[in-house]
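Observations on the three-dimensional arrangement
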Amino acid sequence: MSISITDFLSSELTEIPFYVLLGEKTDYSHSPLIHNTALEFHSIKAGYFALNISKQEIVLLNELFAHPNFKGANVTIPYKLTVKEYLSKMDEIAEKVGAVNVIKKEEDRSLTGYNTDVFGFVHPVKLAGINSPDRAVILGSGGASSAVVEAFQMLGTREIFMVSRKPDEVRRAGISVIGYEDLNTLEPVDAIVNATPVGMGTIIDESPVSAETLRHLNPDLAYDLIYKPQTTKFLQIAGSVGTRHVLGGLLMLVYQAAKAFEIWTDTAFPEELVFETLNATLID
Ligand code: NAP
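Starting from 1, residues in each chain are numbered consecutively following that chain's sequence as written. In keeping with the model being predicted, local features are shown solely for residues with a pLDDT of at least 70 and side-chain atom pairs are shown and tallied solely at 80 or more, while totals for entire chains, interfaces and linings include all residues. Note that water and hydrogens are dropped before the side-chain values are worked out from all heavy atoms of the structure.

**Here we look at the site of the ligand**
Put simply, the test is: A molecule or strand has a residue near it when one of that residue's heavy atoms lies within 4 Å. Residues adjacent in sequence count toward polar contacts only when both atoms are side-chain atoms; beyond that, a polar contact is any pair of N or O atoms within 3.5 Å, and within protein one must be able to donate a hydrogen and the other to accept it. Per-residue accessibility takes into account occlusion by the displayed protein chains alone, with areas from the Shrake-Rupley method and a 1.4 Å probe. Only DSSP runs of H or I covering at least 4 residues are called helices, and only runs of E covering at least 2 are called strands; the numbering of each starts at the N terminus.
Every one of the 20 residues lining the ligand counts as a neighbour, but S141, A144, S164, L225 and G249 are closest to it. One of the backbone N or O atoms of G143 is found 3.2 Å from an oxygen atom in the ligand. Here an oxygen atom of the ligand and a side-chain polar atom of S164 are 2.5 Å apart. In isolation the ligand offers 910 Å² of accessible surface; the protein chains occlude 76% of this area. At the level of elements, α6 (143-155) and α9 (249-265) are the ones that each hand at least two residues to the shell around the ligand.

**Digging into the packing of aromatic side chains**
What counts is decided by this rule: By convention, a stacked pair of Phe, Tyr or Trp rings (six-membered ring in the case of Trp) has centres within 6.5 Å and planes under 30 degrees apart, an edge-to-face pair has planes over 60 apart, and any other such pair is tilted. Buried means the residue's accessible area, taken with a 1.4 Å probe over protein chains only, is under 20% of the maximum for its type, while exposed means over 50%, and partly exposed covers the values in between.
Counting across every chain of the model gives 11 aromatic pairs. Seen from their ring centres, F8 and F18 are 5.0 Å apart, and the 85 degrees between their planes marks the pair as edge-to-face. In this pair, F8 is assigned in helix α1 (residues 5-9) and F18 in strand β2 (residues 18-23), connecting sequence segments 10 residues apart. F8 gets classed as buried once you look at its relative accessible area, which sits at 0%. In this structure F18 comes out as buried when scored by relative accessible area, which is 0%. Ring-pair connections join several aromatic residues into one group, and the members of that group are F8, F18, F49, F65, F70 and Y86.

**So, the environment of T277**
Let me state the cut-off plainly: Contacts were defined at the residue level, with two residues in contact if any of their heavy atoms lie within 4.5 Å.
As for its position among the elements, T277 is in helix α10 (residues 271-281). Of the residues examined, T277 reaches a relative accessible area of 22% and is grouped as partly exposed. For the pair T277 and I34, spaced 243 residues apart in the sequence, the C-alpha separation amounts to 8.0 Å. Apart from the residues within four sequence positions on either side, T277 is in contact with L33 and T37. Among the polar contacts listed, one links the side chain of T277 to the backbone oxygen of L273, at a separation of 2.7 Å.

**Some words on the packing of helix α5 (residues 117-127) against α9**
Spelled out, the test is: A fitted line through C-alpha atoms serves as each axis, taken over the contacting stretch for helices, and the angle formed by two N-to-C directions is quoted from 0 to 180°. Here the angle decides the label: under 35 degrees means roughly parallel, over 145 means roughly antiparallel, 65 to 115 means roughly perpendicular, and every other value means oblique. In this scheme, a crossing is called left-handed if the near helix is turned counterclockwise away from the far one by less than a right angle; it is called right-handed if the turn is clockwise. Ten residues, namely Ala, Val, Leu, Ile, Met, Phe, Trp, Tyr, Cys and Pro, are considered nonpolar, four, namely Asp, Glu, Lys and Arg, are considered charged, and the remaining ones, Gly among them, are considered polar.
Relative to each other, α5 and α9 sit at 120 degrees, their axes nearing to 7 Å. When the axis of α5 is compared with that of α9, the two are oblique. Our pair here, α5 against α9, has a crossing hand that is right-handed. Note on element contacts: α9 touches α5 through L251, M252, Y255, Q256 and K259, opposite D117, F119, G120, F121, H123, P124 and L127. Of the residues that constitute the contact of α5 with α9, the class distribution is 7 nonpolar, 3 polar and 2 charged.

**Here we look at the sheet that holds strand β4 (residues 70-75)**
So the rule is basically this: Two strands are said to pair when DSSP picks up at least two bridges between them.
Strand order in this open sheet of 7 strands is β1-β3-β2-β4-β6-β7-β5, and the pairing throughout is mixed. This sheet does not close on itself; its edge strands, each paired only once, are β1 (2-4) and β5 (89-90). Sheet topology note: the β5/strand β7 (residues 111-114) ladder contains 2 bridges and is parallel. Within the sheet, the bridge partner assigned to M90 lies in β7 and is G113. Against the sheet, helix α2 (residues 31-41) makes contact with β2, β3 (47-52) and β4, and its axis sits at roughly 165 degrees relative to β3, the strand it touches most.

Structure follows, in structure tokens:
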């Protein structure tokens with residue numbers, strides 16, 4: 001359940017310290033469940049609310065950020081770049097990715113921006129004991145794809161190929177941008193990541209690449225950023241062609257949230273409880 005920023009600011013929900021998710025359409029977000037579970041676990045007297053913000057309502061961000069009970073925010077589509085102008089500083093990873101998904105209000109009331117999507121992506125790879133991929137393919141050229149580029153660079157990946165439907169229109173420093181048809185002539189890779197929305201919502205039954213392409217690329221790791229469904233068509237195909245490691249987006253969702261929670265509260269994130277709570281909610 002989400003609420004418009006206009007209604008939120010005039011509601012009694014602001015009477016306690018609060019964290020918010022800022023996005024255009026946040027209705028189906030799992031962040032309120034994740035963070036309210038963690039806040040309750042630590043008996044922290046604060047609430048987490050998903051806010052819908054239309055383009056016309058962006059001016060209200062000043063009022064929101066200045067509110068004495070505002071403690072921090074997550075940021076999602078399409079405001080990960082917009083919020084940068086309200087910040088006093090950004091951490092190194094947010095600077096590199098160029099996008100902010102976490103805001104913290106400091107003691108002096110200034111705002112710091114972070115990007116925890118990178119950590120959210122890398123952590124499950126490390127937990128699974130996967131060696132640093134030498135060559136990686138990332139499908140899609142949006143905000144999540146940029147975070148994954150940074151993540152692979154942190155993992156020491158030597159060659160990164162970003163795949164776009166319009167490769168001639170996408171420019172990324174130090175990255176080869178290619179089209180989908182080029183995948184069939186690419187030398188095998190170690191990892192492939194789906195950072196497109198293909199496999200969710202109205203295109204739930206589709207995969208961004210075919211079984212033939214996956215067989216040809218022969219990756220050791222297939223990672224889908226989509227978390228609903230937890231096992232996408234892309235991951236099903238990867239499993240069927242024998243890909244050794246398959247990771248779903250729920251891990252990234254939880255670990256980016258874990259990092260955000262620790263940045264905001266300086267307390268440990270109750271990981272096991274949150275996974276249990278989400279698994280009971282997210283039935284494929
Ligand atoms: P986005 O900005 O909308 O970008 C998605 C990219 O995918 C686009 O730039 C586009 O690249 C490509 N694309 C879009 N529609 C497509 C279609 N119908 N067919 C093929 N390619 C298409 O979205 P995003 O924020 O980067 O997020 C991408 C995915 O990651 C979403 O599914 C999102 O839910 C997921 N995500 C998950 C987490 C997590 O915590 N698990 C975090 C962030 C994002 P081209 O135009 O260049 O082809």
